[in-house]
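For reference, the chains in residue letters:
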Amino acid sequence: MASYQGVSHSKVVQRRIKNPSDADKEFAKIRGNEIPIVLVPRWPVLFHFYLNVPSGPFVLYQQFHKDMGKLNPGVIWLWPAWNCISHIVTRGAISYNAPARDCPTADNVMINIDLSLTFRIGPDIDGARSFVYKLGAHRLDELLACETEEAIRGLVYSVTHDKVNDLREEFAVGMLATLNSKVQPYGVQIMNVKITDVKLPKELQERLERTTAFKTKMEEQEKSHENRMRVLDDKAIEELETIKKTNARKVQEIAAEKQRYVIERREMEEKAKGYGRVQEVEAKTYVEVSLKKAKGDEFVNKVKGQQDAEALLKRTDIECQKLIIESEQKAHVLVKESEAGLKVAEFDANAMIASAEVEAGAAESLAEKRRYELEWNRLEVLKNIAKSGRKFIAGENGEGILNDLMPQLQIRNASMN
């Protein structure tokens with residue numbers, strides 16, 4: 001089978017062996033890319049003196065070329081030639097490589113793909129008999145080669161070259177189901193299908209590798225940037241948490257201080273209320289005491305006023321009586337004095353009449369005497385005025401006074417007139 005880049009297409013084969021006891025060794029011998037899955041021992045000439053039946057693989061035997069089914073493991077002595085072991089089928093899992101070369105993609109890029117599948121024959125003797133008599137190793141190899149080649153080329157042609165790697169898992173699942181549906185009736189079980197490698201043309205592969213390397217570098221840069229961003233975010237978050245904790249602590253301190261102020265304010269309010277209540281009680285007490293004292297003073301003053309009024313009335317009555325008595329006494333005295341005065345006046349009048357009659361007789365001599373006394377009195381007055389110092393006197397009064405002081409001027413003026 002064809003191979004590329006050191007990967008050969010596997011081939012399952014059927015081999016002939018001499019002794020059935022060498023089956024395990026033969027199954028382990030892989031010549032090139034040939035994988036033995038069925039062994040056919042040689043037929044004896046007359047009989048087998050002893051036959052060692054292996055216990056690992058499925059062992060089928062025939063009698064006169066008729067299938068007799070399973071032959072139990074162990075040693076058989078003197079087994080005639082018409083009995084023989086027809087097929088020895090492996091029970092082990094077989095790894096089958098099916099590389100495909102120059103598979104065109106949807107954008108006409110030729111790629112090479114390595115596919116590996118694992119299968120086994122069985123799982124019981126009926127499955128082994130179906131495989132041996134209905135399919136066989138050669139036709140199984142052809143079937144697997146055709147199916148895997150067709151499936152790979154169909155898968156590759158459905159996508160572009162840059163999407164091939166993305167469909168490995170999807171292709172493996174679909175391929176596994178497809179192959180099992182075709183080989184299970186013949187006693188073959190496909191256990192696993194896997195695309196092991198995808199090879200693009202060398203130049204394209206190098207370009208894609210550079211692109212991948214650049215993408216990887218970009219991813220590394222992005223991861224490094226994300227890491228730096230994460231570090232910065234973590235640092236910012238840490239700083240933010242520190243600020244939040246600091247602010248929370250400050251808020252708690254402010255809240256505690258506020259609570260303390262509230263408590264102090266309540267204490268002050270309670271103290272003020274208590275002081276106010278005390279002041280109120282004291283004021284009420286003082287008012288009540290004052291009111292009672294005022295009432296007492298009012299009562300005392302009323303009583304005292306009444307007493308004072310009664311005393312005043314008594315004093316007034318006494319004084320009135322006293323005044324009445326005194327006025328009566330004074331009136332009586334005045335009456336007596338008036339009567340005495342009347343008599344004195346009568347006597348004086350009589351005396352004056354008598355004196356008048358006497359003066360009438362000496363009227364002229366009395367008139368001269370009176371003028372002399374008047375003149376003398378005037379001169380005394382002028383004397384007192386003259387000796388009391390300088391005086392400024394104007395007008396008719398001044399002139400009159402000067403005339404009185406200097407009679408000769410008055411005589412001169414009169415003569416001039």
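Remember, predicted model here, so these are calculated numbers, not experimental data.

(A) Structural detail: the overall build of the protein. Within the protein, the secondary structure is distributed over 7 helices and 13 strands. Of all 417 residues assigned to the protein, the portion counted as buried reaches 24%. Counting contacts in the protein only where the partners sit at least 6 residues apart, residues at least 24 apart contribute 69% of the total. Split by element, the accessible area of the protein, about 29,900 Å² in all, is 56% carbon and sulfur.

(B) Representation of the nonpolar core. In this structure, Ile37, Ile111, Leu117, Phe119, Phe131, Leu140 and Ile190 are the most contacted members of the largest nonpolar core, which totals 43 residues. Within the residue set of this core, elements represented by two or more residues are β4 (34-41), β6 (58-63), β10 (94-97), β11 (100-104), β12 (110-121), α2 (125-157), α3 (168-183) and β13 (188-199). Every residue in contact with Phe119, bar those within four places of it in the chain, is listed here: Val12, Gly92, Ala93, Ile94, Tyr96, Leu140, Leu144, Val188, Gln189, Ile190 and Met191.

(C) Inspection of a negative patch on the surface at higher detail. Taken together, the side chains of Glu219, Glu220, Glu222 and Glu226 make up a negatively charged region of the molecular surface. Secondary-structure assignment places Glu219 in helix α4 (residues 202-361). On the accessibility criterion, Glu219 (43% relative accessible area) is partly exposed.

(D) Local environment of the confidence of the model for the protein. Across the protein, the average pLDDT comes to 78, with 87% of residues at or above 70. Element-level mean pLDDT values for the protein span from 46 in strand β1 (residues 3-4) up to 87 in β10.

(E) Up close: α2. Over its 33 residues, α2 runs only 40 Å from end to end, short of the ideal 48 Å by more than 12%, given 1.5 Å per residue. At Arg139, α2 shows its maximal bend, which comes to roughly 70 degrees.

(F) Region of the structure containing unusual backbone geometry. Note that the residue after Gly122, namely Pro123, is joined by a cis bond; omega there is 15 degrees. If you trace the backbone, Pro123 turns up in the loop between β12 and α2. With phi around 55 degrees, Asp102 is a residue other than glycine that occupies positive phi space. Within the secondary structure, Asp102 is located in strand β11. Its identity as a non-glycine residue notwithstanding, Asn108 has a phi of 60 degrees, on the positive side. Relative to the assigned elements, Asn108 resides in the loop between β11 and β12.

(G) Quick look at the sheet that holds strand β7 (residues 66-70). The mixed open sheet is built from 5 strands, whose spatial order is β3-β4-β9-β6-β7. Both outer strands of the open sheet, β3 (11-17) and β7, are each paired with one neighbouring strand and no more. Here the strands of the sheet are splayed against their neighbours by 25 degrees on average, with no regard to which way each runs. When β6 meets strand β9 (residues 83-89), the two strands line up antiparallel, connected through 6 bridges. Directly across from Leu60, in β9, lies its bridge partner His87. Each of β3, β4, β6, β7 and β9 touches α2; the most contacted strand, β6, lies at about 95 degrees to it.

(H) Spotlight on α3. Between its first and last C-alpha, α3 extends 22 Å over 16 residues, near the 22 Å set by a 1.5 Å rise per residue. Contacts from the buried residues of α3 go to β12, α2 and β13.

(I) Looking closely at the environment of Pro185. With respect to the helices and strands, Pro185 occurs in the loop between α3 and β13. In the structure, Pro185 is positioned 50 residues away from Leu135 in sequence and 9.6 Å away in space, judged by C-alpha atoms. With sequence-adjacent residues up to four places away left out, Pro185 is seen in contact with Ser130 and Asn180.

What counts as what
Residues numbered from 1 in each chain as written. Predicted model: local features only at pLDDT ≥ 70, side-chain atom pairs only at ≥ 80, totals over all residues. Heavy atoms only, no water. Helix = DSSP H or I, 4+ residues; strand = E, 2+ residues; numbered from the N terminus. Buried < 20%, exposed > 50% of the residue type's maximum accessible area, 1.4 Å probe, protein only. Contact = heavy atoms within 4.5 Å. Areas by Shrake-Rupley, 256 points an atom, 1.4 Å probe, with all protein chains shown as cover. Core = buried A, V, L, I, M, F, W, Y, C linked by side-chain atoms within 4.5 Å. Patch = residues over 30% accessible without salt bridge, like charges linked within 9 Å, V, L, I, M, F, W, Y side chains within 5 Å. Salt bridge = Lys/Arg side-chain N within 4 Å of Asp/Glu carboxyl O. Lys, Arg positive; Asp, Glu negative; His and termini not counted. Charge placed at Lys NZ, Arg CZ, Asp CG, Glu CD. pLDDT = per-residue confidence, 0-100. Expected span 1.5 Å × (residues − 1). Bend = angle between axes of the 7 residues up to and from the residue. Pairing = 2+ DSSP bridges. Axes fitted to C-alpha atoms, helices over the stretch in contact; angles between N-to-C directions.

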